[in-house]
Amino acid sequence: MNNIEKNLASVRNNITHTAIDCERDPTKITLLAVSKTKPVADIVAAYQSGQRDFGENYLQEAEHKIIALSDKQIIWHYIGPIQSNKTRKISQLFDWVHSVDRLKIARRLNETHPENKAPLNILLQVNIDNEPSKSGILADEILPLAQQIESLHRLKLRGLMAIPAIHKDAEQQRKPFVQMREAFTQLQQQYPDCDTLSMGMSGDMQAAIAEGSTLVRIGTAIFGARTPTGSKSH
Ligand SMILES: *Cc1c(COP(=O)(O)O)cnc(C)c1O
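Computed from a prediction, not measured in an experiment: that's the story for all the values here.

(A) Local environment of the overall build of the chain. Broken down by element type, the chain carries nine helices and eight strands. Rg of the C-alpha trace for the chain: 17 Å, near the compact-globule value of 17 Å for 234 residues, within the 12% margin. In the chain, buried positions account for 50% of the 234 residues. Accessible area of the chain: about 11,600 Å², with a carbon and sulfur share of 47%.

Next up, the structure:
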């Protein structure tokens, strides 16, 4: 087995065991392989061991990969910050967008998503730690934004996404995930079709699963460390 294949097996195993430990059904947790900065060959290696969902942060880089891999049955997730002049390409290339954080972006994605494709799945990004430097809406803005998005028929609201700060202390680490679970439960009461809570990365996956994550976004644990941006090789 190559490294990626091994790493994927180990991440899947970790998800299964963590889920069982907290009495959750492991099949209800989607593994999103975050392939940003990694070459097409790495995506192919993961694909060949059964991985189908891939996440990208940078549009230009993603566009090249999506075109190169257009013969494969890949579900592409856009998880990076969105500039409003990039919405057309994002809505044309991707199946999911995790980082919707304002109505203007939602409207543009809705206007530009091709009619002949299934509705674009979207998640609202929540700034759960309330950090001024981070993107995302505040928890009390979730329901109002969800309501405004309801009339946008090329979009399908599927749930919430968060990137909480990393904490060394396990108790501290759980807190934002608990808050996200509560916000998600509240959203589901009004929008029962919402089925996706996107949280958990290589460093905090277990805490996220314990608090109800239905989709973990894993880069490093599958593809290895990334070279710092600025020294990318493409
Ligand atoms: C890069 C990234 C990930 C993956 O992070 P790892 O720590 O490498 O697993 C997940 N989510 C988002 C939004 C990212 O930008």
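(B) Quick peek at the environment of Glu111. When you line up the elements, Glu111 lands in helix H5 (residues 103-112). Residue Glu111 is classed as exposed on the basis of its relative accessible area of 63%. Sequence spacing of Glu111 and Ile82 is 29 residues, and the spatial spacing of their C-alpha atoms is 15 Å.

(C) How the structure looks around the pattern of salt bridges. One pass over the structure, following the stated rule, counts 10 salt bridges. Note that Glu56 and Lys65 form a salt bridge whose closest N and O atoms lie 2.9 Å from each other. This pair shows no difference in class: Glu56 is buried, exactly as Lys65 is. For Glu211, the salt bridge goes to Arg174, with nearest N and O atoms at 2.5 Å. Note that Glu211 is positioned in the loop between helix H8 (205-210) and strand E8 (215-218) and Arg174 in helix H7 (residues 170-190), a separation of 37 residues in sequence. Where salt bridges share partners, they join Glu56, Glu61 and Lys65 into one cluster.

(D) Layout of the pairing of strand E5 (residues 120-126). The buried fraction of E5 amounts to seven of the seven residues, a majority that puts the element mostly inside the structure. Of the two faces of E5, the one holding Leu120, Ile122, Leu124 and Val126 and the one holding Asn121, Leu123 and Gln125 are both buried throughout. Both strand E4 (residues 96-100) and E5 contribute to a ladder of three bridges, which runs parallel. Of the residues in E5, the one forming a bridge with Val97 is Ile122. Handedness of the crossover joining E4 and E5 through H5 is recorded here as right-handed. When E5 meets strand E6 (residues 155-162), the two strands line up parallel, connected through seven bridges. In the strand pairing of E6, Leu123 is matched with Gly159.

(E) Representation of H7 in the model. Taking 1.5 Å per residue as the helical rise, H7 with its 21 residues ought to reach 30 Å, and the 31 Å between its terminal C-alpha atoms agrees with that figure. On its buried side, H7 packs onto E5, helix H6 (142-149), E6, strand E7 (196-198) and H8.

(F) Up close: the site of the ligand. The local shell around the ligand consists of Val34, Lys36, Asn57, Ile79, Ile163, Met201, Ser202, Arg217, Ile218, Gly219, Thr220 and Arg226. The side chain of Asn57 places a nitrogen or oxygen atom 2.7 Å from an oxygen atom of the ligand. The contact in question runs from a nitrogen atom of the ligand to an N or O atom on the side chain of Arg217, over 2.8 Å. In the complex, the protein chains occlude 90% of the 390 Å² of accessible area that the ligand would expose alone. Here the residues of the shell around the ligand are counted per class, giving five nonpolar, four polar and three charged.

(G) Representation of the environment of Lys104. With respect to the helices and strands, Lys104 occurs in helix H5. Distance from Lys104 to Pro192, taken between C-alpha atoms, is 24 Å for residues 88 residues apart in sequence.

(H) Spatial organisation of the nonpolar core. Formed by 62 residues in total, the largest nonpolar core has its most connected members in Phe54, Phe94, Val97, Leu124, Ile149, Leu160 and Ile222. In contact with Ile149, other than residues within four places in its own chain, are Val100, Ala106, Ile122, Leu124 and Leu155.

(I) Broad picture of the pairing of strand E3 (residues 75-78). As paired elements, strand E2 (residues 53-56) and E3 share four bridges and run parallel to each other. Within E3, the position partnered with Glu56 by the bridge is Tyr78. Taking the sense of rotation as the criterion, the β-α-β connection linking E2, helix H3 (residues 59-68) and E3 turns out right-handed.

Definitions and limits used
Residues numbered from 1 in each chain as written. Predicted model: local features only at pLDDT ≥ 70, side-chain atom pairs only at ≥ 80, totals over all residues. Heavy atoms only, no water. Helix = DSSP H or I, 4+ residues; strand = E, 2+ residues; numbered from the N terminus. Rg over C-alpha atoms; globule rule 2.2 N^0.38 Å. Buried < 20%, exposed > 50% of the residue type's maximum accessible area, 1.4 Å probe, protein only. Areas by Shrake-Rupley, 256 points an atom, 1.4 Å probe, with all protein chains shown as cover. Salt bridge = Lys/Arg side-chain N within 4 Å of Asp/Glu carboxyl O. Pairing = 2+ DSSP bridges. Right-handed = clockwise from strand over helix to strand, strands pointing away. Expected span 1.5 Å × (residues − 1). Contact = heavy atoms within 4.5 Å. Near = heavy atom within 4 Å. Polar contact = N/O pair within 3.5 Å; in protein donor to acceptor, adjacent residues only side chain to side chain. Nonpolar A, V, L, I, M, F, W, Y, C, P; charged D, E, K, R; others polar. Core = buried A, V, L, I, M, F, W, Y, C linked by side-chain atoms within 4.5 Å.

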